[in-house]
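Residue strings, one per chain:
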Amino acid sequence: ENGRIAVEMFSSHEEGYYDAILMAYSSFNLVPLSLTEALRSIDDRIRKLDHALKDPARCTSAAKRERTALAKRREKLAGDAKSASTGITFDQLGITRLFVDEAQNFKNLAVGGARFRMGGVSHRGSATCTHMHDAIRCVQHAGGGAVFLSGTIMTNSIADLFVMQTYLQQGTLSFLGLASFDAWANMFARKVSGFEIDVDTSSYRRTTRLGGHAGT
């Protein structure tokens, strides 16, 4: 594994309760959220999309497709009794804080955005990053939090900073009206065009990426 996740749990001297647990990424991904938490996560995304779709500038076909897909996924989860895990779920573990090492491995979170579709900005995301996002939200809803550790927090573009803030500072972003990527990028970023070595390393290509404003 390229990293580890430390889980802080409720302190107790009773057998079976621990102050901290270390686990590999692969083990962490095997612990599912309960059906209740999974539905709450989907509902939260649907609410954000509904808000975005009211804005003509953000009402894109991609956003509509994502809204439809989430609605179908929610319907399937709510109607399929087999979706409910019969084992232990993440929200039953009593986790109070997550410490995630090599946190840059979770930068592939879908951020959306209609105005900034370019290299370094993920619009699809990965299941692993979505699971991490939902797990952190679960801990936060219970009054806990998360700590990310990394020496390379930004690897592709300044958009990686928004991803990390989405994980750790969602409440602050919402309070400031910067929870959507377009709003955040309008405030802190700009499009930067330049030449990069092509994938075959034999030529250059002109690419537009997201960069920070001067002084950001």
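A quick note: this is a predicted structure, and the numbers were derived from the prediction, not measured. (Residues numbered from 1 in each chain as written. Predicted model: local features only at pLDDT ≥ 70, side-chain atom pairs only at ≥ 80, totals over all residues. Heavy atoms only, no water.)

Engineer: Describe in detail a nonpolar patch on the surface, supporting the description with residues and values.
Structural biologist: Side chains of Ile153, Met154 and Leu161 sit close together on the surface and give an oily, nonpolar patch of about 230 Å² of accessible area. Structurally, the position occupied by Met154 is in the loop between β4 (145–148) and α5 (159–168). Taking relative accessible area as the criterion, Met154 reaches 45% and is therefore assigned partly exposed. (Patch = residues over 30% accessible without salt bridge, like charges linked within 9 Å, V, L, I, M, F, W, Y side chains within 5 Å. Areas by Shrake-Rupley, 256 points an atom, 1.4 Å probe, with all protein chains shown as cover. Salt bridge = Lys/Arg side-chain N within 4 Å of Asp/Glu carboxyl O. Helix = DSSP H or I, 4+ residues; strand = E, 2+ residues; numbered from the N terminus. Buried < 20%, exposed > 50% of the residue type's maximum accessible area, 1.4 Å probe, protein only.)

Engineer: Go over the nonpolar core with me, naming the residues and quoting the values.
Structural biologist: In this structure, Ile5, Phe90, Leu98, Met132, Tyr167 and Phe181 are the most contacted members of the largest nonpolar core, which totals 36 residues. Put simply, the parts of the chain that give this core at least two residues each are α1 (25–29), β3 (95–100), α4 (127–141), β4, α5 and α7 (181–188). A total of 6 residues in this core trace back to one element, the largest contributor, which is α4. Ignoring anything within four residues of it in the chain, the contact list for Ile5 reads Ile21, Leu22, Met23, Tyr25, Phe28, Leu98, Phe99, Val100, Phe106 and Met132. (Core = buried A, V, L, I, M, F, W, Y, C linked by side-chain atoms within 4.5 Å. Contact = heavy atoms within 4.5 Å.)

Engineer: Kindly report on the pattern of salt bridges, identifying the contributing residues and their values.
Structural biologist: Under the definition given, this model contains 6 salt bridges. Across the salt bridge formed by Arg40 and Glu37, the nearest N and O atoms sit 2.4 Å from each other. Of this pair, Arg40 and Glu37 both sit in helix α2 (residues 35–53), 3 residues apart, roughly one helical turn. The class of Arg40 is partly exposed, set by a relative accessible area of 36%. A salt bridge links Arg47 to Asp44; the shortest N-O distance between them is 3.6 Å. Here Asp44 and Arg47 lie together in helix α2, a separation of 3 residues that amounts to about one turn. Looking at Asp44, the relative accessible area reads 24%, which means it is partly exposed.

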